[in-house]
Amino acid sequence: MIMDKPGNKWSVLDFIRIGYEGMPAASLGGIDVTYKCNLRCRHCYFLKQNYHEELSIEEWIAKFERMKNEGFPFMICGWIGGEPLLRKELIEEGRKYFKSNVVFTNGTIELPYWPDVAFSVSVHGTAKYHSQITGVDAATYQKIKRNADRDDLDVVIAFCVTRLNYMCIDDMLEEWSKTAVKGIVFEFYTPMKGENNELWLNWEERDKVIDHLMSLRKEYGDFIWISDRIYRLMKSDKARQITENCPFPQIGFSFDPMGNPKTPCQLGPLADCSRCGCILPYFSMLLTHRRLLIPEFAVSVTKRALHTVTQHMHRPRPLHLHEA
Ligand code: SF4
Ligand code: SF4
């Protein structure tokens with residue numbers, strides 16, 4: 001999805017260089033387009049960061065020009081926020097600098113026709129669950145669905161798994177697999193330091209959800225967007241070793257709405273890395289270890305070929321975390 005967009009700026013030489021040398025520093029990251037958002041989600045880390053200002057578009061362009069002179073690689077950029085489509089003009093200009101762009105939106109605003117961009121639309125459950133988490137009403141949920149259901153654009157759904165919504169994963173797959181979206185990215189909630197487990201699933205529970213997602217792949221194939229290889233890294237026996245020395249800062253960049261670097265990642269210094277459920281540490285692990293990266297690409301190609309054969313196979317039972 002990231003590297004095969006129409007009109008993309010990747011060359012064979014880029015792939016050869018990455019194959020030999022690995023991903024360079026600051027090759028993958030995020031920019032907070034705006035501090036503003038039209039929703040107030042219960043699990044939002046961004047609003048806790050309390051930003052009230054943002055660089056102007058001219059100031060961002062001047063910053064990109066300076067970065068270009070300093071040799072910044074301009075590879076993969078996630079346009080985040082806040083709600084980034086409240087400020088489309090910055091992405092219009094800024095995306096020209098990067099080889100690949102992903103816009104992370106809450107889907108309440110119509111997606112612009114940007115066929116060179118990938119969209120990640122946040123939908124954290126079927127209508128009832130998404131409403132409990134984000135506060136949107138039934139009509140807005142349907143509007144988000146219409147906005148995301150675009151066969152002329154590259155759209156995936158981002159589902160942040162929490163204690164409030166894990167139980168609707170099966171229904172979510174059933175409902176959204178009938179739309180034009182390419183898949184659902186199931187990640188897990190990352191709490192802030194000192195936060196209780198009201199939203200966070202403990203390790204045992206998370207392992208069960210991951211096992212369930214991997215079993216659902218028999219029916220849904222790559223519509224479950226994250227590979228099993230990454231899900232296995234996210235399980236309790238491996239995850240903590242990885243997040244203790246999170247590889248993302250080695251290859252990542254993160255800028256807040258004022259263009260200041262954020263550490264250690266887009267989630268900011270309050271994030272509790274020991275309970276991180278974001279895909280980034282595990283994806284970065286693959287990108288920084290060629291031994292893992294090469295099989296990931298090979299498996300991905302093979303799985304796409306097998307998808308049509310496996311999608312009609314036996315369907316697992318819905319998930320119940322606390323059943324005997
Ligand atoms: S849409 Fe995103 S930025 Fe806005 S409140 Fe929800 S999680 Fe936060
Ligand atoms: S483990 Fe990595 S991605 Fe997760 S919160 Fe920490 S620095 Fe960010």
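Everything here concerns the structure above.
Residues numbered from 1 in each chain as written. Chains lettered and ligands numbered in written order. Predicted model: local features only at pLDDT ≥ 70, side-chain atom pairs only at ≥ 80, totals over all residues. Heavy atoms only, no water.

Chemist: Please explain the packing of helix H9 (residues 236-244) against helix H11 (residues 280-288) as it appears in this structure.
Modeler: Two quantities define a packed helix pair, namely the angle between the helix axes and the distance between the axes. At a minimum axis separation of 10 Å, H9 and H11 run at an interaxial angle of 80°. By the angle between their axes, H9 is roughly perpendicular relative to H11. Side by side, H9 and H11 meet where Ala-239, Ile-242 and Thr-243 of the first sit next to Pro-281, Tyr-282 and Met-285 of the second. The residue makeup of the contact of H9 with H11, split by class, is five nonpolar, one polar and no charged. (Axes fitted to C-alpha atoms, helices over the stretch in contact; angles between N-to-C directions. Helix = DSSP H or I, 4+ residues; strand = E, 2+ residues; numbered from the N terminus. Parallel < 35°, antiparallel > 145°, perpendicular 65-115°, else oblique. Contact = heavy atoms within 4.5 Å. Nonpolar A, V, L, I, M, F, W, Y, C, P; charged D, E, K, R; others polar.)

Chemist: Honestly, the pattern of salt bridges in this entry has me stumped. Any pointers?
Modeler: Evaluated as defined, the whole model comprises 18 salt bridges. Put simply, Asp-32 and Lys-262 hold a salt bridge, and the shortest N to O gap is 2.7 Å. Here Asp-32 is found in strand E1 (residues 28-32), whereas its partner Lys-262 is found in the loop between strand E7 (252-255) and H11, with 230 residues between them in sequence. Here the residues in one salt-bridge network are Glu-92, Arg-95 and Asp-116, joined through shared partners. (Salt bridge = Lys/Arg side-chain N within 4 Å of Asp/Glu carboxyl O.)

Chemist: Sorry if this is basic, but what is going on with unusual backbone geometry here?
Modeler: Outside of glycine, negative phi angles account for most residues, and trans bonds account for most peptide bonds. Here the residue pair Gly-81 and Gly-82 is connected by a cis peptide bond, since its omega of 15° sits within 30 degrees of zero. Inspection of the secondary structure puts Gly-82 in the loop between strand E2 (76-80) and helix H3 (88-94). Residues other than glycine seldom take positive phi values, yet Ala-26 does so here, at roughly 60°. Positive phi, normally seen in glycine, also occurs at Phe-74, with a value near 45°. Inspection of the secondary structure assignment puts Phe-74 in the loop between helix H2 (57-69) and E2.

Chemist: Before we go on, may I ask you to explain the packing of aromatic side chains in this structure?
Modeler: How two aromatic rings sit relative to each other is set out by the distance from centre to centre and by the angle between their planes. This structure, assessed with the given rule, holds 19 aromatic pairs. A ring pair is formed by Trp-60 and Phe-255, whose centres lie 6.4 Å apart and whose planes are at 70°; its orientation type is edge-to-face. Linking Trp-60 in helix H2 with Phe-255 in strand E7, this pair joins segments that are 195 residues apart in sequence. In this structure Trp-60 comes out as buried when scored by relative accessible area, which is 0%. Considering the side-chain rings of Trp-200 and Trp-203, the 5.7 Å spacing of their centres and the 80° angle between planes classify their relative orientation as edge-to-face. Trp-203 shares its class with Trp-200; the two are buried. Here the aromatic residues Trp-60, Phe-64, Phe-72, Phe-74, Trp-79, Tyr-97, Phe-98, Phe-253 and Phe-255 are joined through ring pairs into a cluster of three or more. In this structure, Lys-99 packs its charged tip against the face of Trp-10, placed 5.8 Å from the ring centre. Above the face of the Trp-203 ring, Arg-240 is positioned so that its terminal group lies 4.6 Å from the ring centre. (Phe/Tyr/Trp six-rings, centres within 6.5 Å; stacked < 30°, edge-to-face > 60°. Buried < 20%, exposed > 50% of the residue type's maximum accessible area, 1.4 Å probe, protein only. Lys NZ or Arg CZ within 6 Å of the ring centre and 35° of its normal.)

Chemist: Looking at this structure, I do not really get the environment of Gln-49. What am I missing?
Modeler: Assignment of secondary structure puts Gln-49 in the loop between E1 and H2. The buried category is assigned to Gln-49, whose relative accessible area is 17%. Through-space distance from the C-alpha of Gln-49 to that of Leu-270 is 8.5 Å; in sequence the pair is 221 residues apart. Beyond its immediate chain neighbours, meaning those up to four positions away, Gln-49 contacts Asp-32, Lys-262, Gln-266, Leu-267 and Gly-268.

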